Structure formats: structure tokens, C-alpha cells
Amino acid sequence: DSGVTQTPKHLITATGQRVTLRCSPRSGDLSVYWYQQSLDQGLQFLIQYYNGEERAKGNILERFSAQQFPDLHSELNLSSLELGDSALYFCASSLSSDTQYFGPGTRLTVL
Amino acid sequence: GDSVTQMEGPVTLSEEAFLTINCTYTATGYPSLFWYVQYPGEGLQLLLKATKADDKGSNKGFEATYRKETTSFHLEKGSVQVSDSAVYFCALSEGGSQGNLIFGKGTKLSVKP
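So, a few notes on the structure that sits alongside this text. (Residues numbered from 1 in each chain as written. Chains lettered and ligands numbered in written order. Predicted model: local features only at pLDDT ≥ 70, side-chain atom pairs only at ≥ 80, totals over all residues. Heavy atoms only, no water.)

### Thoughts on the environment of Ala56(A)
Quick reminder of the rule: Helix and strand definitions follow DSSP, with helices as H or I runs of at least four residues and strands as E runs of at least two, each counted in order from the N terminus.
Mapping Ala56(A) onto the fold places it in strand β6 (residues 53-57). When the C-alpha atoms of Ala56(A) and Phe45(A) are compared, they prove to be 9.5 Å apart, with 11 residues separating the residues in sequence.

Below is the structure:
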């Protein structure tokens, strides 16, 4: 158990809908990272927050957004969903910018 | 940009065989290097890491040495077990203010009894 929690574990929705994925980092970790894992693209970095502020952006679509709250949990919002957004979404947290600890992931299926 | 290349799988071995999974990287700076493992239906677990040249990371019988001259971080284990069956990801991080990980495509390992 990494200490990082993600909810929900599974999410099934339809095209055009909006969903919110939630992540709680390990106690004391200030950084939260979001990654997408798909069969064709592999594991890709989406976005990083550090202590409530956006720190870095990767291959995140404009339809996707995230935020980190004062209690350090983070939410990833995905809107206008398309079939191609079906993937595993992982959250990771770290104290320093070195070692990241991953949550169990949220499997999103868009029908 | 930075990138990681690891050997294509799947790799199938018999129990107690020797394992090598090759990983090479391209980076502008001096990255930290990682191996993560993903067991079926689970998230990624950090297996080992190395933060500077010539460092050797080790854990659970797995080892990898940070080779700056060959820009490589190959994963090795002397005697694999069925329980090692998983997908292995090599990754790098430039650290600093942008510590995001850049992953290779993953190598699926199956160990047969």
C-alpha cells in the first residue's frame, strides 16, 4: 500500500459527459501528479500540482483540468468525454521532486 | 525532449532463469532513473532507483546500475520467480521544479514454473 488513495476505482460513462477523479496523497506529500495510461500512448504525464499551485503541464487536453485543494487532495476533471479518453488514470504524490508513489488508479470507460 | 527506450516484450522465462530488461535514455541534464513494476490489476510500485552516475539501485533481488557513458539503466535479476510476472517500466525524472516522470513503454515479463 503506497498510501495514495484514488476514487472511484472504476467509472463507466458516455461520450460527451463530464467526470471527476479524486486523489488523496500520502500524508506529508505536497506534490500531486496525474498520469494517463492507455494501450496506444503508454504512460503519459498530464499535470503536476505543488501545495495548491500548478507546477508543470504535460500532454493534458484542454478538455481536462485539475486542481489541488488546501487539504492537498486533488481532483482531475475530464469533460466532453470521447471514446479515446478511456484509460487508466493514476495519481502519484511525492515530498521531494524525486521519488513518486502511485495510487491504484481509476479505470475510466467511455461508451 | 527527454525520452526512455526499453526493450519490447513480452519476455517469457522459466523459473530461476536470469533476467535482463534493457533500458536506455535521452536527457538534457542529469536525471534520476527508476524502475517501476505493475502487477496485474494494480498500480505502479517503485522497484528501485538511482540518482547519479554509477549508482546501483537494488531491491528484492533486482539490480540496475546508472551508466552515464552508455545512457543505460538495465534491470537484472539472477533468478526469477513466478511471482515476478508483471510489467516493468523504466522511467526518468529531471527533478528540480518539474519532477514528472517520463516512462518507457513497459516490458511484460511472464515467468513459467
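Read on for the rest.
### Let's talk about the pairing of strand β7 (residues 64-68) of chain A
Put simply, the test is: Three labels apply to residues, based on accessible area from a 1.4 Å probe with only protein chains included: buried if under 20% of the type maximum, exposed if over 50%, partly exposed otherwise in between. A pair of strands counts as paired when DSSP detects no fewer than two bridges linking them.
The alternating pattern of β7(A) places Phe64(A), Ala66(A) and Gln68(A) on a buried face, while none of Ser65(A) and Gln67(A), on the opposite face, is buried. Taking the residues between adjacent antiparallel strands as the criterion, β7(A) and strand β8 (residues 74-78) of chain A are bridged by five residues, where Leu72(A) takes a positive phi near 80 degrees.

### Digging into the sheet that holds strand β3 (residues 19-21) of chain B
All names here are of chain B. What counts, and what does not: Fitting a line to C-alpha atoms yields each axis, with helices limited to the stretch in contact; the angle taken between N-to-C directions then spans 0 to 180 degrees.
Reading across the sheet, the four strands line up as β3-β9-β8-β7 and stay open at both edges, with antiparallel pairing between neighbours. In the strand order of this sheet, the two ends are held by β3 and β7 (56-59), each with one partner. On average, each strand axis in the sheet is inclined to that of its neighbour by 15 degrees, with strand direction left out of account. Summarising the sheet, β3 and strand β9 (residues 75-77) pair through three bridges and their orientation is antiparallel.

Purely spatial values, then, with no claim about function.
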